[in-house]
Amino acid sequence: MKKIKYRSGSPVSSALDIVGDKWSLLIIWDMMVKGKNTYNELLKSDEKIATNILANRLAMLEAEGILKKEEHPESKAKILYSLTHKGIELLPVLVELLLWANAWLPVDEGSENYIAALKKNKEAFVKKVMEDMKR
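Throughout what follows, the structure given in this document is the object of discussion. Just so it is clear, the model here is predicted, and its values are computed rather than measured. (Residues numbered from 1 in each chain as written. Predicted model: local features only at pLDDT ≥ 70, side-chain atom pairs only at ≥ 80, totals over all residues. Heavy atoms only, no water.)

Glancing now at the nonpolar core. Among the nonpolar cores identified, the biggest contains 34 residues, and Ile-27, Ile-28, Met-32, Leu-61, Leu-83, Leu-91 and Met-133 are the most heavily contacted of them. Looking at which element gives the most residues to this core, the answer is helix 7 (residues 112–134), with eight residues. What Met-133 contacts, discounting residues up to four positions off in sequence, is Met-32, Leu-83, Ile-88 and Leu-91. (Core = buried A, V, L, I, M, F, W, Y, C linked by side-chain atoms within 4.5 Å. Buried < 20%, exposed > 50% of the residue type's maximum accessible area, 1.4 Å probe, protein only. Helix = DSSP H or I, 4+ residues; strand = E, 2+ residues; numbered from the N terminus. Contact = heavy atoms within 4.5 Å.)

Structure, rendered in structure tokens:
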């Protein structure tokens, strides 16, 4: 997949060209916080992404340098996806989005642990998750 053609030089517009769709940030969140790193794990997420959309988003995120893929160490039939440094750097954006949603939108009970940790010490949460992902 070739890189995206950006609509303008606006930083907000350019960022949204990559992660402004309904699925990209969910894929990144599942990889960051839920530890999902194979196609099937991502496909089985609660949001029920269609297989063609998942394949498209993974290819686009790889082309944009947000994630990389490599052979799975346990199976040649599987691909292992991981976030690059560029992808990991999206964590603070997702954290703020999660806090905003918690304040203004209905949020499922499964997010309570993340929200409690963020409210207690946002910087420590971000630091720990980023360190875990960089290993």
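There is more to say, and it comes next.
Side chains of Leu-97, Trp-100, Trp-104 and Leu-105 sit close together on the surface and give an oily, nonpolar patch of about 490 Å² of accessible area. Tracing the sequence through the fold places Trp-104 in helix 6 (residues 91–104). (Patch = residues over 30% accessible without salt bridge, like charges linked within 9 Å, V, L, I, M, F, W, Y side chains within 5 Å. Areas by Shrake-Rupley, 256 points an atom, 1.4 Å probe, with all protein chains shown as cover. Salt bridge = Lys/Arg side-chain N within 4 Å of Asp/Glu carboxyl O.)

What follows deals with the packing of aromatic side chains. Evaluation of the coordinates by the stated rule reveals two aromatic pairs. Ring geometry for Tyr-114 versus Phe-125: centroids 6.5 Å apart, planes at 75°, classification edge-to-face. On the accessibility criterion, Phe-125 (12% relative accessible area) is buried. Through successive ring pairs, a cluster of aromatic residues spans Trp-29, Tyr-114 and Phe-125. (Phe/Tyr/Trp six-rings, centres within 6.5 Å; stacked < 30°, edge-to-face > 60°.)

Moving on, we get to the environment of Ala-124. Along the chain, the position of Ala-124 falls in helix 7. Under the relative-accessibility criterion, Ala-124 is labelled partly exposed at 39%. It is 17 Å that separates the C-alpha atoms of Ala-124 and Ser-111, two residues lying 13 residues apart in sequence.

End to end, helix 7 covers just 25 Å across 23 residues, shorter than the expected 33 Å (1.5 Å per residue, more than 12% under). Along helix 7, the helix axis deviates most sharply at Asn-121, where the bend reaches about 120°. All buried positions along helix 7 are accounted for by Tyr-114, Ile-115, Leu-118, Phe-125, Val-126, Val-129, Met-130 and Met-133. On its buried side, helix 7 packs onto helix 2 (24–32), strand 2 (79–83), helix 5 (85–88) and helix 6. (Expected span 1.5 Å × (residues − 1). Bend = angle between axes of the 7 residues up to and from the residue.)

Our next topic: the environment of Lys-78. With respect to the element layout, Lys-78 can be found in the loop between strand 1 (67–71) and strand 2. Using a relative accessible area of 42% as the deciding quantity, one classes Lys-78 as partly exposed. Each C-alpha atom, one on Lys-78 and one on Leu-67, is 16 Å from the other, the two residues being eleven residues apart in sequence.

Another aspect to go through is the packing of helix 6 against helix 7. Between helix 6 and helix 7, whose axes approach to 10 Å, the crossing angle comes to 160°. In terms of their interaxial angle, helix 6 and helix 7 are classed as roughly antiparallel. Viewed along their axes, helix 6 and helix 7 form a crossing whose handedness is right-handed. Together, Leu-91, Pro-92, Val-95, Glu-96, Leu-98, Leu-99 and Asn-102 of helix 6 and Tyr-114, Ile-115, Leu-118, Lys-119, Lys-122, Phe-125, Val-126, Val-129, Met-130 and Met-133 of helix 7 make up the contact between the two elements. (Axes fitted to C-alpha atoms, helices over the stretch in contact; angles between N-to-C directions. Parallel < 35°, antiparallel > 145°, perpendicular 65-115°, else oblique. Left-handed = near helix turned anticlockwise from the far one by under 90°.)

With their axes 11 Å apart at the nearest point, helix 2 and helix 6 run at an angle of 105° to one another. Taken as axis vectors, helix 2 and helix 6 run roughly perpendicular relative to one another. Counted together, Leu-25, Ile-28, Trp-29 and Met-32 of helix 2 and Leu-91, Leu-94, Leu-97 and Leu-98 of helix 6 form the full contact between these two elements. Residue composition of the contact of helix 2 with helix 6, grouped by class: eight nonpolar, no polar and no charged. (Nonpolar A, V, L, I, M, F, W, Y, C, P; charged D, E, K, R; others polar.)

By themselves these figures say nothing about function.
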